[in-house]
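Topology and contacts: notes
Letter by letter, the chains look like this.
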Amino acid sequence: MSLLRVSSVALPIEFGDEASNFAAAHAALQRSEPGPHLIVLPELATSGYVFHDIDEARGLSMTVDDPRLTGLADAVPEGAVAVIGFCERVGEQLFNSALVFDRTGTLGCYRKAHLWDEEYRFFSLGDEAGMVLDTPIGRLGVAICYDIEFPEVPRRLALAGAEVLALPVNWPLAERPTGEHAPETIQAMAAARASRLPIAIADRHGTERGVQWTGGTAVVDRDGWIVATPDADGIASAVVSVDPSKTLGANNDVFADRRPELY
């Protein structure tokens, strides 16, 4: 078992103001602690989320090698790995994507597999249900927002060896009983416990073009408990246990006890 600092950042994103959004991302990365450290920024953090039409989305898209994106590497603390959501352009296609990077540059890019509501108007479907890649902080799983609502996704990533899951999201506020967590948060907590997999959720706060966000930024440990919520700077940060073991108590193992032949 090892320890890893995990930080989820609720950036103050302004729709369409890429200069301001990149400045906010730089500032968040620069004030983060050195590694081992996972830093997660929200879904579509460079552009904002509520596009009116495809032309607007295309105008706020960028290629994975855009200097504004790759330039974020300079702000990452030594030994840390960061994840940021952006609107990716590949030829004529757009993807809701998440870039993984450290001080050396880009480590990987994941394209969202499950599109929510009007996202189908703008984005093509990614061809992989979550991504796992080796990084300086360990095997990192990456999924985006609606992906987490399919239990198969975090379980697939955990079975593939993910030790921690980065989850950039934009969760629209849903009605719920007074005092209850958001339903998406509950799903993330359940996924973390079911696969003994810490999850870093970076959500939006406030509103954008009439859409109110859940404000679900949090760090969930491998037992399924929320161990950090945002401070005054919008950063939820905690040190979590990272362990390839899937034991649960003295006599159980959540992977070894599975009986897939019955499911």
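Residues numbered from 1 in each chain as written. Predicted model: local features only at pLDDT ≥ 70, side-chain atom pairs only at ≥ 80, totals over all residues. Heavy atoms only, no water.

Per an unreviewed UniProt entry, the protein chain carries the name Carbon-nitrogen hydrolase and comes from Mycolicibacterium frederiksbergense. According to the UniProt record, the Sequence similarities (unreviewed entry) comment for the protein chain reads "Belongs to the carbon-nitrogen hydrolase superfamily. NIT1/NIT2 family." (UniProt positions renumbered as here; feature names shortened; annotations may be inferred.)

Attention shifts here to unusual backbone geometry. Of all residues except glycine, most have a negative phi; of all peptide bonds, most are trans. Put simply, G35 and P36 share a cis peptide bond, and its omega is 0 degrees. Examined against the element boundaries, P36 turns out to sit in the loop between α1 (18–30) and β2 (37–40). Positive phi outside glycine occurs at D117, with the angle close to 50 degrees. Position of D117 relative to the elements: it lies in the loop between β5 (105–111) and β6 (131–135). Given a relative accessible area of 57%, D117 falls into the exposed group. A positive phi is found at C145, a non-glycine position, where the angle reads about 45 degrees. On the secondary structure map, C145 appears in the loop between β7 (138–142) and α4 (152–159). (Helix = DSSP H or I, 4+ residues; strand = E, 2+ residues; numbered from the N terminus. Buried < 20%, exposed > 50% of the residue type's maximum accessible area, 1.4 Å probe, protein only.)

This part covers the pairing of β7. With four of its five residues buried, β7 lies for the most part within the structure. Bridge count between β6 and β7: five bridges; the pairing is antiparallel. Within β7, the position partnered with D134 by the bridge is R139. Hairpin connection between β6 and β7: a loop of two residues separates the two successive antiparallel strands. As defined by bridge partners, β7 adjoins strand β8 (residues 164–168) across three bridges and the pair is classed as parallel. (Pairing = 2+ DSSP bridges.)

Turning to the packing of aromatic side chains, a few remarks are in order. By convention here, two paired aromatic rings are described through the distance between centres and the angle between planes. According to the stated counting rule, one finds seven aromatic pairs in the structure shown. Ring centres of F15 and F51 lie 5.7 Å apart, and the angle between their planes is 70 degrees; on these two criteria the pair is classed as edge-to-face. In this pair, F15 is assigned in the loop between β1 (2–9) and α1 and F51 in the loop between β2 and α2 (54–59), connecting sequence segments 36 residues apart. Here F15 matches F51 in class, with each residue buried. Between F122 and F123, the ring centres sit 6.3 Å apart and the planes meet at 75 degrees, which makes this aromatic pair edge-to-face. Considered together, F122 and F123 belong to a single accessibility category, that of buried residues. One aromatic cluster is present, built from ring pairs that chain together F15, F51, F122 and F123. Positioned above the aromatic ring of F95 is the side chain of R111, whose terminal nitrogen or guanidinium carbon lies 4.5 Å from the ring centre. Above the plane of the ring of F15 lies R209, whose end atom (NZ or CZ) is 3.9 Å from the centre. (Phe/Tyr/Trp six-rings, centres within 6.5 Å; stacked < 30°, edge-to-face > 60°. Lys NZ or Arg CZ within 6 Å of the ring centre and 35° of its normal.)

The positions that UniProt labels "domain: CN hydrolase" (unreviewed entry) are, in the present scheme, residues 4–244. Within the segment residues 4–244, helix and strand shares are 18% and 31% respectively, and the terminal C-alpha atoms sit 13 Å apart.

Moving on, we come to the pairing of β1. Within a regular beta strand, the side chains point alternately toward one face of the sheet and then the other, so they alternate between its two faces. Where β1 meets strand β14 (residues 235–242), eight bridges bridge the pair, whose relative direction is antiparallel. Looking at β14, one finds that V9 is bridged to I235.

Time to look at the pattern of salt bridges. Scanning the entire structure with this criterion turns up 14 salt bridges. Residue E33 pairs with R5 through a salt bridge whose shortest N-O separation is 3.4 Å. Highlighted residues: E33 in the loop between α1 and β2 and R5 in strand β1, separated in sequence by 28 residues. For R5, a relative accessible area of 22% translates into the label partly exposed. Taken together, the salt bridges that share partners define one network made up of E18, D66 and R68. (Salt bridge = Lys/Arg side-chain N within 4 Å of Asp/Glu carboxyl O.)

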